[in-house]
Amino acid sequence: MDTTTRTAWQLGVAVVLSITSVAAYGQDKEEGPTLYGGASVAYDSNFFRIEEEFQKPQEATAPGFDDMIYRIFAGLDAEWRLGSKNRIQVVGEIVGNAHDKFTTADNTSGDLLLRWAYSGNATDFAVAYTQVAERVDFVNQNIPRVDFRTRNEVSVGLTQRFTPRWSVFLRGSFADIEFEQALPVQRAKAVTGIRYRSRSDNSIALVAEFQERQSDFDNLLGFEEYLIGPELDWKLTENFRLDAKLKYQERTPKSPVFTVFDGPTGEIRFEWAPSPNVVFEGAVFRRISTLGDQLANFAIVDGQEFRGIWGAGEKLQFVVEISHELRDFQLEPSLADFGAVPREDDLVLGGAGFEWQPRRQLQIDFMASIGNRESNREFQDFRYENFAVGFRWYFL
């Protein structure tokens, strides 16, 4: 049984068990479960995100760049209370993906979240398990190939309140990430901090984080990372909220052939609702990323995001979104000695669509997206258009 098939069985069994659990605890649940299913069809003008025909994977023998993708999915979202202080959350979705031309990309993907949370008078505690199975995004690949990634993660969190305003928190997680055509990696993370929360529910915190990535097969993939800095969550007016994170970050690779990073990172996000039916969201950020654990080294990503939502009545909602990223890929020091320059990609993504709910149980959605990448490396430019329409039916 291959990885995607095994994951499909795991997710399917989890959904069935979740439905059984909800039925068993039906008398105590605070919120009923949401069970849904649906389907969609999408046209993609450049499925592999490439510039020339010869860049296609060898097994992709069909002519052209475009493809039709058919999806069928089912999911469950349930949360209920056990007693007065315990909550159980189960969220799962399984998706079957079938391609008209590039059938080697057919797959079963999905995600699963199991979470238990305890909320006491002064102590909060939570433990969670997450599994995400998905096809690897071609945008982040130098040489396109069909690959699948499965991430299993266990996380715990503890918050201790010493006064109504002051608290300390500690979070930890361990993730195992497996690929079908790449080396597996493991990530361990620990986060701690102290937070002040005002009477108006605004908060400011000082946060420190340590993360380590390693692989059993290749030490070139390993690094250690430290971050420290303030985090702000503030409601400036009745309609405007600001979230900000500013960190000093150090990343040291375990192999000396890669670059050390030392400097500021962070993000600033806002949400503005000028009217009950209109919401604007935006962000500017600077991140250090391995792009889904596909890089042995890292890229410095400077970006901006914007999203606008307009509710045209109770049943119809329009959305417009755009994002821009400037990705600066870091060279191995040995390559810099030979006069090589780092790869730089300028990536712009945009989309517009709507969600229409003509009945309480039925949702219809449409999305049109455009992507464009320009690079200082040859054969790394691309452009694509994607048009997707689908429906979702809520059974519960």
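Residues numbered from 1 in each chain as written. Predicted model: local features only at pLDDT ≥ 70, side-chain atom pairs only at ≥ 80, totals over all residues. Heavy atoms only, no water.

A.B. asks: Outline a nonpolar patch on the surface, listing residues and values.
C.D. replies: On the surface, a nonpolar cluster with roughly 400 Å² of combined accessible area is contributed by Trp116, Phe125, Val156, Leu158 and Leu170. Inspection of the secondary structure puts Phe125 in strand 5 (residues 123-135). (Patch = residues over 30% accessible without salt bridge, like charges linked within 9 Å, V, L, I, M, F, W, Y side chains within 5 Å. Areas by Shrake-Rupley, 256 points an atom, 1.4 Å probe, with all protein chains shown as cover. Salt bridge = Lys/Arg side-chain N within 4 Å of Asp/Glu carboxyl O. Helix = DSSP H or I, 4+ residues; strand = E, 2+ residues; numbered from the N terminus.)

A.B. asks: Give me the lowdown on the nonpolar core, citing residues and values where you can.
C.D. replies: The biggest cluster of nonpolar side chains holds 11 residues, and these are Phe47, Phe48, Ile50, Ala60, Ala62, Ile69, Phe102, Ala105, Phe138, Val146 and Phe148. Dropping the residues within four chain positions of it, Val146 is found in contact with Phe48, Glu59, Thr104, Ala105, Phe138 and Gln181. (Core = buried A, V, L, I, M, F, W, Y, C linked by side-chain atoms within 4.5 Å. Buried < 20%, exposed > 50% of the residue type's maximum accessible area, 1.4 Å probe, protein only. Contact = heavy atoms within 4.5 Å.)

A.B. asks: Break down the pairing of strand 5 for me, with residues and values.
C.D. replies: The pairing of strand 4 (residues 107-119) with strand 5 spans 10 bridges and is antiparallel. Within strand 5, the position partnered with Asp111 by the bridge is Val132. Remark: three residues form the turn of the hairpin made by strand 4 and strand 5, two consecutive strands paired antiparallel. Direction of pairing for strand 5 relative to strand 6 (residues 148-161): antiparallel, over a ladder of 13 bridges. Note that in strand 6 the partner of Phe125 across the bridge is Leu158. (Pairing = 2+ DSSP bridges.)

A.B. asks: Could you give an account of the pattern of salt bridges, with specific residues and numbers?
C.D. replies: By the definition in use, this model includes 26 salt bridges. Here Asp345 makes a salt bridge to Arg343, at a shortest N to O gap of 2.6 Å. Accessibility classification places Asp345 together with Arg343 in one group, the buried group. Among the charged side chains, a salt-bridge network with shared partners connects Glu267, Arg269, Arg287 and Glu305.

A.B. asks: Would you mind going over the packing of aromatic side chains in detail, with residue names and values included?
C.D. replies: Describing an aromatic ring pair means giving the distance of the ring centres and the angle of the ring planes. Going through the model one piece at a time under the given rule, you end up with 19 aromatic pairs. Aromatic side chains Phe210 and Tyr226 sit 5.1 Å apart centroid to centroid with 45° between the ring planes, which places their arrangement in the tilted category. With Phe210 in strand 9 (residues 203-214) and Tyr226 in strand 10 (residues 223-237), this residue pair connects regions lying 16 residues apart in the sequence. Chaining the aromatic ring pairs together yields one cluster made of Phe47, Phe48, Phe102 and Phe138. Its guanidinium or amino end placed over the ring of Phe285, Arg287 lies 3.7 Å from that ring's centre, counting from NZ or CZ. One Lys or Arg, Arg343, reaches over the ring of Phe329 and ends 4.8 Å from the middle of that ring. (Phe/Tyr/Trp six-rings, centres within 6.5 Å; stacked < 30°, edge-to-face > 60°. Lys NZ or Arg CZ within 6 Å of the ring centre and 35° of its normal.)

A.B. asks: Could you give an account of the side chain of Lys247, naming the residues involved and the relevant values?
C.D. replies: Here Lys247 is to be found in strand 11 (residues 240-253). Side chain to side chain, Lys247 and Glu231 meet in a polar contact 3.0 Å long. (Polar contact = N/O pair within 3.5 Å; in protein donor to acceptor, adjacent residues only side chain to side chain.)

A.B. asks: Describe the environment of Leu221, listing the residues and the values that go with them.
C.D. replies: Within the fold, Leu221 resides in the loop between strand 9 and strand 10. Using a relative accessible area of 14% as the deciding quantity, one classes Leu221 as buried. In sequence terms Leu221 and Val185 are 36 residues apart; their C-alpha atoms lie 7.6 Å from each other. Dropping the residues within four chain positions of it, Leu221 is found in contact with Leu183, Pro184, Val185, Arg213, Ser215 and Ala296.

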